[in-house]
Number of protein chains: 8
Amino acid sequence: MKNTPPVKDIGFAKLDFARRTRTGFGETVFGPGKTPEQMVGIFKAFRERRLPVLATRCTSAQADALAAAGVPVKYDSVARAIVSGWGRNRKLKGRVAVLTGGTADIPVAEEAAHTVEFFGGTADRFFDVGVAGLHRLLSKIDAIRNADVVIAVAGMEGALPSVVAGLVSAPVVAVPTSVGYGVGSGGVAAALAMLNSCAEGVSVVNIDNGFGAAVVACRMLKAR
Amino acid sequence: MKNTPPVKDIGFAKLDFARRTRTGFGETVFGPGKTPEQMVGIFKAFRERRLPVLATRCTSAQADALAAAGVPVKYDSVARAIVSGWGRNRKLKGRVAVLTGGTADIPVAEEAAHTVEFFGGTADRFFDVGVAGLHRLLSKIDAIRNADVVIAVAGMEGALPSVVAGLVSAPVVAVPTSVGYGVGSGGVAAALAMLNSCAEGVSVVNIDNGFGAAVVACRMLKAR
Amino acid sequence: MKNTPPVKDIGFAKLDFARRTRTGFGETVFGPGKTPEQMVGIFKAFRERRLPVLATRCTSAQADALAAAGVPVKYDSVARAIVSGWGRNRKLKGRVAVLTGGTADIPVAEEAAHTVEFFGGTADRFFDVGVAGLHRLLSKIDAIRNADVVIAVAGMEGALPSVVAGLVSAPVVAVPTSVGYGVGSGGVAAALAMLNSCAEGVSVVNIDNGFGAAVVACRMLKAR
Amino acid sequence: MKNTPPVKDIGFAKLDFARRTRTGFGETVFGPGKTPEQMVGIFKAFRERRLPVLATRCTSAQADALAAAGVPVKYDSVARAIVSGWGRNRKLKGRVAVLTGGTADIPVAEEAAHTVEFFGGTADRFFDVGVAGLHRLLSKIDAIRNADVVIAVAGMEGALPSVVAGLVSAPVVAVPTSVGYGVGSGGVAAALAMLNSCAEGVSVVNIDNGFGAAVVACRMLKAR
Amino acid sequence: MKNTPPVKDIGFAKLDFARRTRTGFGETVFGPGKTPEQMVGIFKAFRERRLPVLATRCTSAQADALAAAGVPVKYDSVARAIVSGWGRNRKLKGRVAVLTGGTADIPVAEEAAHTVEFFGGTADRFFDVGVAGLHRLLSKIDAIRNADVVIAVAGMEGALPSVVAGLVSAPVVAVPTSVGYGVGSGGVAAALAMLNSCAEGVSVVNIDNGFGAAVVACRMLKAR
Amino acid sequence: MKNTPPVKDIGFAKLDFARRTRTGFGETVFGPGKTPEQMVGIFKAFRERRLPVLATRCTSAQADALAAAGVPVKYDSVARAIVSGWGRNRKLKGRVAVLTGGTADIPVAEEAAHTVEFFGGTADRFFDVGVAGLHRLLSKIDAIRNADVVIAVAGMEGALPSVVAGLVSAPVVAVPTSVGYGVGSGGVAAALAMLNSCAEGVSVVNIDNGFGAAVVACRMLKAR
Amino acid sequence: MKNTPPVKDIGFAKLDFARRTRTGFGETVFGPGKTPEQMVGIFKAFRERRLPVLATRCTSAQADALAAAGVPVKYDSVARAIVSGWGRNRKLKGRVAVLTGGTADIPVAEEAAHTVEFFGGTADRFFDVGVAGLHRLLSKIDAIRNADVVIAVAGMEGALPSVVAGLVSAPVVAVPTSVGYGVGSGGVAAALAMLNSCAEGVSVVNIDNGFGAAVVACRMLKAR
Amino acid sequence: MKNTPPVKDIGFAKLDFARRTRTGFGETVFGPGKTPEQMVGIFKAFRERRLPVLATRCTSAQADALAAAGVPVKYDSVARAIVSGWGRNRKLKGRVAVLTGGTADIPVAEEAAHTVEFFGGTADRFFDVGVAGLHRLLSKIDAIRNADVVIAVAGMEGALPSVVAGLVSAPVVAVPTSVGYGVGSGGVAAALAMLNSCAEGVSVVNIDNGFGAAVVACRMLKAR
C-alpha cells in the first residue's frame, strides 16, 4: 500500500484506505443519508484495493443497488448491515457475548454482533434473556462466562447489564435501546439506569449504538 | 365517639379524629417543619382519645420532646418514625415483604415497614438483596413468595422491582430512593426505570416515599 | 399438561404455555411490530392447547388476518385488543372500577378493562368523570366505592387519582395518558402529578399502560 | 408631586415615586439581598413623601431594623411581608379568594393576600382545602363563589386550580408552590399540571410567586 | 329550556346544553379526532335548541362536511375555528387586545380572537409587534392601552408579554407558541420565559392555547 | 523573555507566562478553590516578571491575603475580581457597552467590565435597563449605540439581548444570569430565551459567565 | 429612497426596504411556510427597488417558482438558500472561516457561508475537520488563523469550537447541529457542550442556526 | 480459607471475604455515611484474614480513626482513598493511562488511579491535558499510546475522550466530572457529550465515578 495515497476523495466522501494500517481496524460506513449510487461508489473504491468494508444502518434498497452493480456483498436485514464479500480483517482472539433483554432489542444486538465479526472477533448470541424472567438468563450463564467481553443490550428499564455484571468477571459494555414508551422513553430511562448501575464493571455507549459497543469490545480484545 | 367533634383545631393543625372510623386507618403526621411543642400538642390530643398516631420523618429532638413531656412513644431512629404507646389499629390479614437493593435504602424501607405495622399489617424485612449480587435475592425468594404484597425499595438503577416481579405472583409496589449520584441522581433514574419495568405487576410511588408504599400495600390487604 | 413442553419456539417467538400454571395468569401478546402471519401463528399455537390468549395494541388488520385464517377471536377496536374465543382464565373474586378523566382517555381505559376481564376479573367502567366537572364524579362515587381496586386513567394535569383516592378506601392504580399538549405533553405532566399525589393510596404505572395497571389490579384481587 | 423628581437614586436603589400615579399601584420592594440599612433607607425615602410601600420575602431582622430606626411598619412573619404604617393605595372594588391545598402552602398564600390588601383589594382566605379531602373544599364553595377572582395556591400535584375552576365562573390564577419532593419536586410537577389544566379559566404564575398572582388579580379588579 | 334535559348523550359525546345558563358561556367543541359526521351531529343538536357553538382546531374537511349537511356555519382557516351561524352569547363589556410577536404566531392569536368574539367580547388585533423591532410595538401602544385585558402571543424567546406588561396597566395573559426550533423548541423556551417574567401583571396558559387565554380574558371581562 | 521558561510549575499550578505573547491576552486565574497561600504564590510569580494578572470570582479573604503578603492588588468586591497593581495589557481600540436587566445582575456585569478593562478595552456600564421598564433602556440607547460590542446581562426571562439587538448594529454577546426562581430557575429560562432570540446578531455564553463574554468581546475588538 | 415609503405591506408580509439604510444589512426572508406565490411576490417587490434579498431554508419548489416567474435568482440546494440576482450589499472587510466537524454538518455551514457572502463578507470553508481525526484540523490550522472570525459548526458532542478556540485568537461563533441521536439528541448535547466550553472566546447560537451565526460574524466584521 | 465463612455480618455491614476468590478482585468499601468506628471495624475484620481492602471517598477523619486504632493504612487526601497496609491483589498485566482535562478533575482521576493500583494494575497519570490547549495533549500522546486502556476524565464540555480516542487504538473509558457550572452543570453536559462521541472506542461511566472506570479497566486487563 506504499504507493497509493491513503485517502481518496471521491467527491461525496473522503475514503481512508490506510485506516486498517493505522488502527488495526478496517473502514466502516454509516449508511443513513447516502444514496444507492454513493454506496456503490464507496464499495467499488474499497474493492479495487481488496480492503474489507462494513456499512451499518443500511436499507435493502442500498443493498439491492450494490447487487445490481455487480458488487458482491452480504446484507443482513435484521442488523441492517452490509459487509463486503472480499478482504478480511485480522482475526481477534477472544469471544464477545452479545445479550438482549427482549426480542425488540435484537436489531441493535445484531448490529453489534456483525460488527464484531467484521473486525475479526467471535460473537456468541444470547437473545431474550431479560431480567423479568430470570431463569432465561441463569440457564445460559455458564456459556456467557466464557466470553472475554459482554455486550448487554436492553431497552425499557435497562436492568440487564447490572444483573449480568454481577454474574461474570468480564467487562460489560451496556447498550441502551430505544425500545419502550412513556416516561423516559426513547431509551433515556435505560441509559440513565445503566449509568447508575450498582454493579461493578459496566460502561455505557449511546442509545441503539450497537456498532459503537462492538468497537469498544474489539479494542478490548485487540489489547490482549 | 358520638359526642366529640371529629375534627379539632388546635391552632397549628386540624386533627381528624374520625379518620379511623371513616377509612379504617388511623391518623398519621408528617414530621418535617413541626416544632417539638407542636408535636407534643398533637400527640396529647390523640392520647386523650386513646387514638393511635404515627409520625414520619421525625428527628430525635421531636422524639425527645415527647418523652420529656411524659408522652409515651417509641422512636425508631432508622425509620425516623414515632409511634404512640397507646391505642392500636385493627389487625390486617396478610403479610407485606419489604425488600431493599442496598443498605443505604434501609431508612426508606423501615419507614414502610413501620407504617405497615402501625396500620395492623405484618412486615417481613429482606434487606440488601440488590440485583448486582443475585444470590442474595434468590436465597430468600421462597420466603418472599409468602407475602401478599411486596414493597421493593431501590435506588441507583432501580432494577430490583423488575427482577422480583418476575419471581413472585403478588403485586409489587416499587419505591425509588434518592440513593445514587451523577446523571439521573436524586432517584430520577430509579423512578424512570421502575415506571418502564418490563415485568408485569409493578406500580410505583414517589421517590423515598416508603410511607406511601405502605399505605398502598395496606389498602390491598384491607381489600381482602 | 405434563407431557407437553411448556415453551414452544415457533421461530419468531417463544410461547410460554406453562405461564398460567406458574403465575395463575394466561399468556398475553404485545401486538405492535408483529405481522398478521405471526399473529395467526401465535394464536393457533395457543388454540391447539385450548389456552386463552390476549393481544394488546392490535390493528384491525391483525384481527382481520386471524378471522381470515379461521381463528375465532373477538376484536375491540377502541381497546385495540384481541381476545381468543376459546379457553378461559380462572375467575377472580372482586371488582375493579376503571375511571377516565375524559373521553380521549377511553382507549387506555378499555385496554385496562379488557385485560381485567381476560384475567377473570370484573371491570366496572366510569368514563368521563374528570375533576373539572366534579358533579360527574360525585354522582358515581357510591358505585365506585363498591370496587376492591380502582384504576384511574387521566391525561393533561392527571388530577383524577388524587381526588378519587380521597373518596374511596380501595387502592388506586393511576394511569397517566398521553392526552394533552404543550409543556409536559405526552403524559409527562400527568405522570409527575400522579407520583406527587397528596392523597394516600395511589401508585402509578407508565404512560398509557392500561394493560400494566390491569395486571397490578388482578394481582391484588388474586391475593385476596 | 409636580415639583419633586419622580425617581430618586439613593445609591443602592432607584426609587420610583411616580409609580402610583402612572400605574395606579404603589411601589413594592423585593426583600432578599437587601441589608437592614438599605431597607431602612428605602422605607424612610417613601415615608418622607407619605407614599405606601410593601416589601416581600423579608426576614424578621429586616423588620427589626426598621422598628429600631423608628420607622412604623407591620411585619407578618408567615407572609414574610413588611407594610408601611403610613399612606394607603386607592381602594379596589371586588373580592379576591385566596385558597391553598395544604398548610405548607400558606406562606405563599399569605404573601398573595397581603399584597392584595396592600393594593386596596379585599382578600378572603380559604386555606387547607386540597383535593384529597374534597369535603373541605365543597363546604366552602359558596363563599368562594362570591369572589371576583380566585387565587389557587397548591404544591405537590397542583390539582386545586382545575377542581376550583370547574366550580366557579371567576378567573382562577394558579400558583404552584415548591411544596413536595421526589420526581418533579420544587414545584415543577405542580406548575406543569396547572399549565395542563383541563378546566377552563385558569392561568398560571411562577412557582411560589404569591406576589405575582396578587398583582394579576388586582389588575383584574382595577380593570373593573 | 325548562323542559329539555340539559345534557344529551348522542353516542359519541355528551352535549351540555345548560352550560350557558350555568356559567354564562356557551358550549365549545375541541375539533381534533372528531369525524365530519360527528361534527355534523354535534352542531345539529345545538342548532335544534338555537344554542351557539364554537369548534376549535378544525380542519376545512370538518367545515365542508357541515356546509354539505346544510348546517350554516362560518369557518376561519387561519384560526381553524368553526362558529355556528345561529344563536349568540351575551355581550361582554370591555375590549381584549390580542398581540403577536411574529406572523407565525397569528393562528394561535386568531383562535384567541375568535373565541373572545364568540363569547361576546370585542377583540382588537395587533399582530407582528415583536420585541426585536420595538418601533412596531411602540407605534401601537396607545391603542393597546385602551384594552381591559391584553393577550400576548409569542414564540421563540417569548419576551413580548414582559415588555407589554411594563407599558400597560391591564392584566396580560401570555400565550407561548410552538414557533421556534432548537434548544427549548416547541414553545418550551417561550413558556419558561413567560413564567419568569420580570414584569408585573403577567399570567400564563399552555403552549398554543389561544382558546384558553380567551376564556381567561372573558372571565375577567365578565367579572366586571 | 527569551531566557525564561514560558511555563513555570509552582506545585499547585502551571503558570503560562508566554500567554500574552502568544494570544495577545494576559493570564487570568479562576479564584474558586484556591487557598490564600496559593493565590499569593501565583501573583508573586507573575509579579517577578512584571506580567499583569486578573483573578475572578475571588473572596475578600483571598484579596486580604495578597495585601497582607505585600502584593499590590486592587479588589472589587462586587465583581469579585482581583487585578494586579503592575503591568498592563496592550490597549484595545473600541468600546464595550455592558448592560444589565436588573440590579441583581450587576456582579456578573462587573466581572465582564473588569475583564474588558484588564485586557485593555473600554467598558461603558448601563445597569438596570431591563425590558419591563422600557423607558430606562430607551433613554440610554444613543450612548449604547456608540459601542462596538454590546454585552447584555440578564436573568429571569432573559429578554434584554433581543430588545437591544433590534436597536443597535453591533454584535450582542448575551449573558444569562442565575437570577430568578421557580420553573427554569438558575438561569435556564434566560439561557433558553437568549438562544431562541428572534433578533439578529445575538450569541450566548454560559450562565453567569461575565468573564467569558468579555473575552469574546475583546477578541472582537482585537480583530479590528 | 427619500420618496418611497420604507415599509410596504403586500398582504402576507411587511417588507422593510429601509433596513439596509438603518442597519447596514439587506433584508432576508425565512423560507419555511411561505407559498411559492408569496416568495415570488416578495422577491418582485425587492427587485423593483434593486435591493438585494436572501431567502434561507428554501425548497427547490420555491426556487423553481421564482425561475418560472422570470425572477433571476441563484439557488444552492445544499445551503437551501436563494439569493437575488440583482443588487449587492456593501463589501465587508475581513474573512470568516466556516468549519464543520463532519459532512452531515455541511448544510448548516453552507447556510452560514452563503449568508456571510450575501452580506458582503468573504467565507473560507473548512469542512469535515472534526476532533476525532485531529490531523484533519491541524493540517488546516494556519489557513484558519487568517480568519477574523471563526464559525465552528458541529453536532454530536460538539467539541470542535473548544479545540479551535484554543488554536486561534479570533472570536469563535459555535453552531450546534441536530446531527446525532440517542441521549441529548437533536443537538442538545452539542449545544450544552459548547456553552460549557473550557476554551476562551466561544459564544453560541441556537441549534442549526447557520444564518444567525453568520449575522453575528458580519456584525463583528462591520464593527471593524 | 476453607474453614472460615466467606461472609461475616458485623452488624452494620456484611463483609464478603470470598470476593477475591470469586471474581479475582479484592473487596472495596464506599466511605460516605460510615462512622469512623464502622470503618475501623471493617478494616480490622479484613486485617484478621490478611485480605487487602480499599475504601473510596473517605474523609481524613475516617483515616485518622484507623490510624488511632492502630490499623496500618495509607490515606491519599486528593483521591480521598484509604488502602490497607497489608495484603495485595494479584498483579494485572498491562498499563492504564489516566488522563484529565483540567486540574479540577484530578481528585476523580486519582480515585481511578488508586483503584487501578489497588487491583494490581499500573496507572500512568497524564493530568491537565485538556483540549483547549492541544499542545499539552499532543506532547504526551506517544506515552499515552503505550497504555492498554485509557481512562479519560473531564468536566465542562467533556471533549477529551473524543480527541484521545481518535489518537490511540486502545479502548477509552470516559469519566464525566461535575466540574463546571451553568447550563448542563453537575457533569450533565460532559456526560451527554461523551455518550455522543463521534470517535470510535469510547464507553462511559457515571459522573465522577473514577472507581467505576478503574474496575472496567481492570476487568479489561484481567481478560487479557
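From a predicted model like this one, the values you see are computed outputs, not experimental measurements.

Caption draft 1: Structural context of the overall build of chain A. From N to C terminus, chain A includes 9 helices and 11 strands. Across the 224 residues of chain A, 62% fall into the buried class. For chain A, the share of sequence-separated contacts (at least 6 apart) that also reach a separation of at least 24 residues comes to 68%.

Caption draft 2: Up close: the sheet that holds strand S5 (residues 73-76) of chain H. Residues and elements named next belong to chain H. The strand order S3-S4-S6-S5 describes an open sheet built from 4 strands, whose pairing is mixed. With partners counted over all chains shown, the strands left at the sheet margins are strand S3 (27-30) and S5, one partner each. Averaged over all adjacent pairs, the angle separating strand axes in this sheet is 15 degrees, with direction ignored. As defined by bridge partners, S5 adjoins strand S6 (residues 81-84) across 4 bridges and the pair is classed as antiparallel. Residue pairing for S6: Lys 74 is matched across the bridge by Val 83.

Caption draft 3: How the structure looks around the pattern of salt bridges. Residues and elements named next belong to chain B. Applying the stated rule across the entire model yields 56 salt bridges over all chains. Between Arg 136 and Asp 128 there is a salt bridge, with the nearest N and O atoms lying 3.2 Å from each other. Among the residues examined, Arg 136 registers a relative accessible area of 28% and is labelled partly exposed. Classification of Asp 128 by relative accessible area gives buried; the value is 14%.

Caption draft 4: Structural context of the packing of helix H8 (residues 188-195) of chain G against helix H8 (residues 188-195) of chain H. Two numbers describe how H8(G) lies on H8(H): the axes approach to 9 Å, and their chain directions differ by 130 degrees. Between H8(G) and H8(H), the angle is such that the two are oblique. Of the two elements, H8(G) crosses H8(H), and the hand of that crossing is left-handed. The segment H8(G) lies against H8(H), with G:Ala189, G:Leu192 and G:Ala193 engaging H:Ala189, H:Leu192 and H:Ala193. Looking at the contact of H8(G) with H8(H), its residues break down into 6 nonpolar, no polar and no charged.

Caption draft 5: Structural view of the domain arrangement of chain A. Residue and element names in this part refer to chain A. As far as domains go, chain A holds domain 1 (7-84) and domain 2 (95-223). Relative placement of domain 1 and domain 2: their C-alpha centres are 26 Å apart. Taken together, the 17 residues of domain 1 in the interface contact 14 residues of domain 2. Carbon and sulfur atoms make up 73% of the surface buried where domain 1 meets domain 2, a total of about 1,300 Å² over both sides. Our enumeration of links across domain 1 and domain 2 arrives at 2 salt bridges.

Caption draft 6: Region of the structure containing the relation of the copies chain A and chain H. Mapping chain A onto chain H calls for a rotation angle of 180 degrees and an axial translation of 0.0 Å; the resulting RMSD is 0.0 Å. When the rotation and shift are considered jointly, the pair of chain copies conforms to a two-fold rotation axis.

Caption draft 7: Region of interest: the interface of chain A and chain H. Of the residues lining the interface, 27 residues belong to chain A; the matching set on chain H comes to 27 residues. At the junction of chain A and chain H, the tally comes to 0 salt bridges. Between chain A and chain H we count 14 residue pairs in polar contact (both at pLDDT 80 or more) in total. Mapped onto the side of chain A that touches chain H, the elements with two or more residues apiece are helix H1 (19-23), strand S11 (202-204) and helix H9 (210-223) of chain A. It is H9(A) that contributes the most residues to the side of chain A that touches chain H, 7 residues altogether. Considered class by class, the residues forming the side of chain A that touches chain H number 14 nonpolar, 7 polar and 6 charged.

Caption draft 8: Structural context of the packing of helix H2 (residues 36-48) of chain E against helix H3 (residues 60-68) of chain E. Residue and element names in this part refer to chain E. Across the interface, H2 lies against H3 with an axial gap of 9 Å and an inter-helix angle of 55 degrees. Regarding the angle of H2 to H3, the classification is oblique. Of the two elements, H2 crosses H3, and the hand of that crossing is right-handed. Side by side, H2 and H3 meet where Pro 36, Met 39, Val 40 and Phe 43 of the first sit next to Gln 62, Ala 65 and Leu 66 of the second.

Caption draft 9: Seen up close, the sheet that holds strand S6 (residues 81-84) of chain F. Residue and element names in this part refer to chain F. Pairing is mixed in the open sheet, where 4 strands are placed in the order S3-S4-S6-S5. Of all the strands in the sheet, the pair left with one neighbour each is strand S3 (27-30) and strand S5 (73-76). Direction aside, the axes of adjacent strands within the sheet are offset by 15 degrees on average. Each of S3, strand S4 (53-56), S5 and S6 touches helix H4 (residues 106-118); the most contacted strand, S4, lies at about 170 degrees to it.

Caption draft 10: The pairing of S6(F), seen in detail. Note that S4(F) and S6(F) share 2 bridges and pair antiparallel. Among the inter-strand pairings, F:Ala55 is bridged to a residue of S6(F), identified as F:Ile82.

Caption draft 11: Quick look at the relation of the copies chain D and chain B. Superposition record for chain D on chain B: RMSD 0.0 Å, screw rotation 90 degrees, translation along axis 0.0 Å. In symmetry terms, the pair is related by a four-fold rotation axis.

Caption draft 12: View of the packing of aromatic side chains. In this structure the tally under the stated criterion is 16 aromatic pairs over all chains. Residues C:Phe43 and C:Trp86 carry aromatic rings whose centres are separated by 6.3 Å and whose planes lie at 90 degrees to one another, so their mutual orientation is edge-to-face. Taken together, the positions of C:Phe43 in helix H2 (residues 36-48) and C:Trp86 in the loop between strand S6 (81-84) and strand S7 (95-100) put the pair 43 residues apart, joining distant regions of the chain. Comparing C:Phe43 with C:Trp86, the two get one shared label, buried. One residue, C:Arg57, lies across the ring of A:Tyr181, its end atom 4.9 Å from the ring centre.

Caption draft 13: Focus on helix H4 (residues 106-118) of chain A. Residue and element names in this part refer to chain A. For H4, which comprises 13 residues, the first-to-last C-alpha distance of 18 Å matches the rise-based estimate of 18 Å (1.5 Å per residue) to within 8%. Within H4, the full set of buried residues consists of Ile 106, Val 108, Ala 109, Glu 110, Glu 111, Ala 112, Ala 113, His 114, Thr 115, Val 116 and Phe 118. Downstream of H4 by one or two residues, Gly 120 has phi in the positive range, about 95 degrees.

Scoring rules and cut-offs
- Residues numbered from 1 in each chain as written.
- Chains lettered and ligands numbered in written order.
- Predicted model: local features only at pLDDT ≥ 70, side-chain atom pairs only at ≥ 80, totals over all residues.
- Heavy atoms only, no water.
- Helix = DSSP H or I, 4+ residues; strand = E, 2+ residues; numbered from the N terminus.
- Buried < 20%, exposed > 50% of the residue type's maximum accessible area, 1.4 Å probe, protein only.
- Contact = heavy atoms within 4.5 Å.
- Pairing = 2+ DSSP bridges.
- Axes fitted to C-alpha atoms, helices over the stretch in contact; angles between N-to-C directions.
- Salt bridge = Lys/Arg side-chain N within 4 Å of Asp/Glu carboxyl O.
- Parallel < 35°, antiparallel > 145°, perpendicular 65-115°, else oblique.
- Left-handed = near helix turned anticlockwise from the far one by under 90°.
- Nonpolar A, V, L, I, M, F, W, Y, C, P; charged D, E, K, R; others polar.
- Domains from an automatic or database assignment.
- Buried area = accessible area lost by both parts, 1.4 Å probe.
- Least-squares fit on C-alpha atoms with pLDDT ≥ 70 in both.
- Polar contact = N/O pair within 3.5 Å; in protein donor to acceptor, adjacent residues only side chain to side chain.
- Phe/Tyr/Trp six-rings, centres within 6.5 Å; stacked < 30°, edge-to-face > 60°.
- Lys NZ or Arg CZ within 6 Å of the ring centre and 35° of its normal.
- Expected span 1.5 Å × (residues − 1).

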